[in-house]
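An overview of the molecular structure
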Amino acid sequence: MRIGTISRSTKETSIDVTVNLDGTGRYSVSTGIGFLDHMLEQLSRHSLIDLEVKAVGDLHIDQHHTTEDTGIAIGEAVAMALGDKAGIRRYGDALSPMDETLTRVALDISGRPYLVWKSAFTTTRLGEMDTELFEHWFHSFAGAAGITLHVETLYGHNNHHIIESAFKGLARALRTAVEVDPRKGGAIPSTKGML
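The sections below set out a description of the structure shown in this document. Every residue gets a number counted from 1 within its own chain, in the order that chain's sequence is written. Only residues with pLDDT of at least 70 get local features here, since the model is predicted, and only at 80 or more are side-chain atom pairs given and counted; chain-wide, interface and lining totals rely on the full set of residues. Remark: hydrogens and water are excluded; side-chain values derive from all non-hydrogen atoms of the structure.

1. Description of the nonpolar core
Counting residues in each nonpolar core, the largest one holds 49 residues, and the members touching the most others are Trp-137, Phe-138, Leu-149 and Ile-163. Here a helix means four or more residues in a row that DSSP labels H or I, a strand means two or more in a row labelled E, and each is numbered from the N terminus. A total of nine residues in this core trace back to one element, the largest contributor, which is helix α4 (residues 159-178). Contacts between residues were defined by any pair of non-hydrogen atoms, one from each residue, lying within 4.5 Å. In this structure, Ile-163 is in contact with Phe-35, Met-39, Trp-117, Phe-121, Leu-126, Phe-134 and Phe-138, ignoring residues within four places of it in sequence. Take the buried Ala, Val, Leu, Ile, Met, Phe, Trp, Tyr and Cys residues and link them wherever side-chain atoms come within 4.5 Å; each set so joined is a nonpolar core. Each residue is placed in one exposure class: buried if its accessible area under a 1.4 Å probe, protein chains only, is under 20% of its type's maximum, exposed if it is over 50%, and partly exposed if it falls in between.

2. A word on the pattern of salt bridges
One speaks of a salt bridge when a side-chain nitrogen belonging to Lys or Arg is within 4 Å of a carboxyl oxygen belonging to Asp or Glu. The tally for this structure, following the rule as stated, stands at ten salt bridges. Between Asp-22 and Arg-2 there is a salt bridge; the shortest N-O distance is 2.9 Å. With Asp-22 in the loop between β2 (13-20) and β3 (27-30) and Arg-2 in the segment before β1 (3-9), this pair connects stretches of sequence that are 20 residues apart. The salt bridge partner of Lys-168 is Glu-164, with a shortest N-O separation of 3.0 Å. One end of the pair is Lys-168 and the other is Glu-164, both in helix α4 and four residues apart, which spans about a single turn.

3. Considering the packing of aromatic side chains
Two rings from Phe, Tyr or Trp (for Trp, the six-membered ring) form a pair when their centres sit within 6.5 Å of each other. Planes less than 30 degrees apart are called stacked, planes more than 60 degrees apart edge-to-face, and all others tilted. Under the defined criterion, the tally for this structure stands at seven aromatic pairs. On the basis of an interplanar angle of 50° and a centroid distance of 5.0 Å, the ring pair of Trp-117 and Phe-138 is categorised as tilted. Placement of Trp-117 in strand β7 (residues 114-118) and of Phe-138 in helix α3 (residues 132-145) is noted, with a sequence separation of 21 residues between them. Given a relative accessible area of 14%, Trp-117 falls into the buried group. Residue class for Phe-138 comes out buried when judged on its relative accessible area of 0%.

4. Things to note about the packing of α3 against α4
Whenever a helix is involved, its axis is fitted only over the stretch in contact; in every case the axis is a line through C-alpha atoms, and angles between N-to-C directions fall within 0 to 180 degrees. Their axes nearest at 11 Å, the elements α3 and α4 cross at an angle of 15°. Classed by the angle they form, the pair α3 and α4 counts as roughly parallel. Pair α3 / α4 crosses with right-handed handedness. Where α3 approaches α4, its residues Phe-134, Trp-137, Phe-138 and Phe-141 are matched on the opposing element by Ile-163, Ala-166, Phe-167, Leu-170 and Leu-174. When residues are sorted by character, Ala, Val, Leu, Ile, Met, Phe, Trp, Tyr, Cys and Pro go into the nonpolar class, Asp, Glu, Lys and Arg into the charged class, and all the rest, Gly among them, into the polar class. Residues belonging to the contact of α3 with α4 are distributed by class as follows: nine nonpolar, no polar and no charged. For classification, angles of less than 35 degrees are called roughly parallel, those exceeding 145 degrees roughly antiparallel, those between 65 and 115 degrees roughly perpendicular, and all remaining angles oblique. Put simply, a crossing is left-handed when the front helix is turned counterclockwise from the back one by less than a right angle, and right-handed when it is turned clockwise.

This is the structure:
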């Protein structure tokens, strides 16, 4: 089993995360931000990555630190679980429809973190969560996981559908990319010999 466990404590947050890349999509998520919990549950369910997240943050100030540090901790746990990345497919992509919305997600577990974000919202909040924090979560996750990540909403107007299709697209692309390909015989998926 490829499992990563991270404990991250700062003056702003205290976060414990465990991921199992070879799981079944079981989750236990508590960040204190209901909408973020809902998105992380979608991430787990559709990637088949088991996810445990317990975050306590300075929500009396705002949701920024909890959102950012949760993305970092999950990304670090994924990177830990991947180890040297031997035998993984490395690349993943998904077209993720949700009613009137269609989002494209493509990623490369390259060791070179980068985010291209082309999704926009017409409201400043979903539930109690600031919509500007969604891009920040994806940026934090990609950076900590060492993933090149492209997220583009091709069309859609319902803000809930837009962000949920992005998380579900990430889940499906990640599921493919972290999967061990038996044809690779455990080789590192790079001509450099390392990622």
